[in-house]
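Inside the fold
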Amino acid sequence: MKNRKFTKVALIALAMVLVCIVSVAGTLAYLTSQTDEVVNTFTVGDVEITLDEAKVTADGVGVEGAARVMENEYKLIPNHSYTKDPTVHVDADSEDCWVFVKVDNGIAGIEATAGDGYVTIATQMSDNGWTLVDGQTDIYAYKAIAKAGENLQVFGSFKVDGDVDGAGLETYADAKITVQAYAVQADGFATAAAAFEATEWAN
């Protein structure tokens, strides 16, 4: 009888211990949640431009179907017009950029003046959106930020003055019209003038 009483007391005590354990365990069951990781992937941006012009004959006539080239040779004739269309191409994967060109017009002394349908190289450039950079004599900035895939023509033609004689032409036998382009990322520069300061040409 005593044993039964003891067993009953023991079972009651054990039941109470279990209730306590369940209660404590219940308070430890916090609500939880976990997110996925945020993963950042980085690539490097790039500014890419090329410069070329239409392939032409020595008389300045475009060669149909020919690939664009880096240079042409011309036979100078008084009062004759020539195709020359240097164009800056912003690569399709390029970042937006400010574009500059340096133009050395080696035939300026025999270039025809405006009139009779001819527009000078300088005026063509202005019409195409190129403006002389302050303090420079041969460097021009494009009017706006150039976008990926854009093609920016510098000028399209030139003409030899009709009053130039053979002797005058001889002095220009080795003359060149040289064009070079430079691009600076647009990000970080509010104006072309600010971007120009980051070019090698400004230093």
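Okay, the sheet that holds strand E3 (residues 87-90) next. Strands belonging to one sheet form pairs held by backbone hydrogen bonds; the direction of such a pair is parallel or antiparallel. One open sheet holds the 3 strands; their spatial order is E1-E3-E7, and the pairing between them is antiparallel. Edge positions in the open sheet fall to strand E1 (49-52) and strand E7 (151-153), since each of these has one partner strand only. Averaged over all neighbouring strand pairs, the angle between strand axes comes to 20°, with direction disregarded. With 4 bridges joining them, E1 and E3 adopt antiparallel strand pairing. Counted as the bridge partner of Leu-51 is Val-88 from E3.

What follows concerns the packing of aromatic side chains. Summed over the entire model, instances satisfying the criterion amount to 6 aromatic pairs. On the basis of an interplanar angle of 80° and a centroid distance of 5.2 Å, the ring pair of Tyr-74 and Phe-158 is categorised as edge-to-face. Residue Tyr-74 is found in the loop between E1 and strand E2 (81-83), and its partner Phe-158 is found in strand E8 (residues 157-159); the two are separated by 84 residues along the sequence. Relative to Phe-196, the ring of Phe-100 has its centre 5.6 Å away and its plane inclined at 55°; by these criteria the two rings are tilted. Note that Phe-100 is positioned in strand E4 (residues 97-105) and Phe-196 in helix H4 (residues 192-196), a separation of 96 residues in sequence.

The strand order across the open sheet formed by 4 strands is E5-E6-E4-E9, and the pairing between neighbours is antiparallel. Of all the strands in the sheet, just strand E5 (130-132) and strand E9 (177-185) have a single pairing partner and so form its edges. The sheet shows a mean angle of 30° between the axes of neighbouring strands, taken without regard to direction. Relative to E9, E4 is paired through 9 bridges, and the arrangement is antiparallel. Residue pairing for E9: Val-101 is matched across the bridge by Ala-181.

Now for the pattern of salt bridges. Under the defined criterion, the tally for this structure stands at 5 salt bridges. Note that Lys-84 and Glu-53 form a salt bridge whose closest N and O atoms lie 2.8 Å from each other. On the criterion of sequence distance, the pair formed by Lys-84 in the loop between E2 and E3 and Glu-53 in the loop between E1 and E2 is long-range, its members being 31 residues apart. Since its relative accessible area comes to 7%, Lys-84 is described here as buried. A residue is classified by how much of its surface remains accessible, and Glu-53, at 4% relative accessible area, is buried.

Glancing now at the pairing of E4. Where E4 lies against strand E6 (residues 139-142), 3 bridges are found, and the strand directions are antiparallel. From the neighbouring strand, Val-101 faces E6, where its bridge partner is Tyr-140.

For the rest of this paragraph, the subject is the side chain of Asp-52. With respect to the helices and strands, Asp-52 occurs in strand E1. Polar contacts involving the side chain of Asp-52 include one to the side chain of Arg-68, which spans 2.6 Å. Each residue touching Asp-52, except ones within four places of it in the same chain, is listed here: Arg-68, Val-69, Asp-85, Pro-86, Thr-87 and His-89.

What follows covers the nonpolar core. Taken as a class, soluble globular proteins show a tendency for nonpolar side chains to be buried jointly. By size, the foremost hydrophobic cluster in this structure holds 28 residues, and its most contacted members are Val-99, Val-101, Val-103, Met-125, Trp-130, Val-154 and Phe-155. Elements with a minimum of two residues in this core: E3, E4, helix H2 (121-127), E6 and E9. At 4 residues, E4 tops the list of elements feeding residues into this core. Leave out the neighbours within four places in its chain, and Val-103 touches Met-125, Asp-138, Tyr-140, Val-154, Phe-155, Thr-178 and Val-179. Judged by nonpolar contacts, the second largest core, of 11 residues, contains Trp-98, Ala-141, Ala-186 and Ala-192.

Each value, and the rule that gives it
- Residues numbered from 1 in each chain as written.
- Predicted model: local features only at pLDDT ≥ 70, side-chain atom pairs only at ≥ 80, totals over all residues.
- Heavy atoms only, no water.
- Pairing = 2+ DSSP bridges.
- Helix = DSSP H or I, 4+ residues; strand = E, 2+ residues; numbered from the N terminus.
- Axes fitted to C-alpha atoms, helices over the stretch in contact; angles between N-to-C directions.
- Phe/Tyr/Trp six-rings, centres within 6.5 Å; stacked < 30°, edge-to-face > 60°.
- Salt bridge = Lys/Arg side-chain N within 4 Å of Asp/Glu carboxyl O.
- Buried < 20%, exposed > 50% of the residue type's maximum accessible area, 1.4 Å probe, protein only.
- Polar contact = N/O pair within 3.5 Å; in protein donor to acceptor, adjacent residues only side chain to side chain.
- Contact = heavy atoms within 4.5 Å.
- Core = buried A, V, L, I, M, F, W, Y, C linked by side-chain atoms within 4.5 Å.

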